[in-house]
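Structure at a glance
Here's the letter readout for the chains.
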Amino acid sequence: MLGADIARQLLRAGLLDEVHIHLVPLLLGRGTPLFAGERAELIPQGRPRTGSVTHLRYRVV
């Protein structure tokens, strides 16, 4: 989705149907909230895959 701002715009327009999140344990500045005020129901799809990075997948309802 190319970042939090684009994800919010797609969610607001109803064009976001799935979210893949890759969590890396590294802090870079303040960051940008992913949905910042937008509301969505996220349904987990499969199990999280873990290692040095945690991969999560959600269906947006």
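Above this text you will find the structure in question.
Every residue gets a number counted from 1 within its own chain, in the order that chain's sequence is written. Only residues with pLDDT of at least 70 get local features here, since the model is predicted, and only at 80 or more are side-chain atom pairs given and counted; chain-wide, interface and lining totals rely on the full set of residues. Here the side-chain values reflect all heavy atoms present in the structure, with hydrogen atoms and water set aside.

**What about the overall build of the protein chain?**
Secondary structure elements are taken from DSSP: a helix is a run of H or I of four residues or more, a strand is a run of E of two residues or more, and numbering for both begins at the N terminus. Along the backbone of the protein chain there are one helix and three strands. Expressed as lengths along the three principal axes of its C-alpha atoms, the size of the protein chain is roughly 35 × 30 × 15 Å. Classification of residues uses two cut-offs on accessible area relative to the type maximum, computed with a 1.4 Å probe and protein chains only: under 20% is buried, over 50% is exposed, and between them is partly exposed. In the protein chain, which comprises 61 residues, the share counted as buried stands at 16%. By definition, residues are in contact when any of their heavy atoms lie within 4.5 Å. If you take every contact in the protein chain between residues at least 6 apart in sequence, the share linking residues at least 24 apart comes to 59%.

**Details of the sheet that holds strand β1 (residues 18–23)**
Note on pairing: two strands pair once DSSP finds at least 2 bridges between them. In spatial order, the strands read β1-β3-β2; together these three strands make up an open sheet with antiparallel pairing. The strands lining the two open edges of the sheet, one partner per strand, are β1 and β2 (42–44). Each adjacent strand pair in this sheet contributes to an overall mean axis angle of 35 degrees, direction not counted. Relative to strand β3 (residues 54–60), β1 runs antiparallel, the two being bridged by six bridges. Within the sheet, the bridge partner assigned to His22 lies in β3 and is His55. As a rule, the C-alpha atoms of each element are fitted with a line to give its axis, helices using only the stretch in contact, and angles between N-to-C directions run from 0 to 180 degrees.

**So, the nonpolar core**
Membership of the largest hydrophobic core is limited to seven residues, which are Leu11, Leu16, Val19, Ile21, Phe35, Leu56 and Val60. The set of elements that each furnish at least two residues to this core consists of β1 and β3. For our purposes a nonpolar core is just a set of buried Ala, Val, Leu, Ile, Met, Phe, Trp, Tyr and Cys residues, chained together by side-chain atoms within 4.5 Å.

**Considerations on helix α1 (residues 4–12)**
Listing the buried residues of α1 in full gives Ala4, Ala7, Arg8 and Leu11. An end-on view of α1 places all buried positions within 100 degrees of arc, on one side of the element. Contacts made by the buried residues of α1 are with β3. Positioned one or two residues after α1, Gly14 has a phi angle of 75 degrees, which is positive. For this quantity, the arc is that covered by the directions from the helix axis to the C-beta atoms.

**Some remarks on the side chain of Arg8**
With respect to the helices and strands, Arg8 occurs in helix α1. Residues within four places of Arg8 in sequence aside, it is in contact with Thr32, Pro33, Leu34, Phe35, Ala36 and Glu38.

**Some remarks on the pairing of β3**
Across three bridges, β2 lies against β3 in antiparallel orientation. Residue pairing for β3: Pro44 is matched across the bridge by Tyr58.

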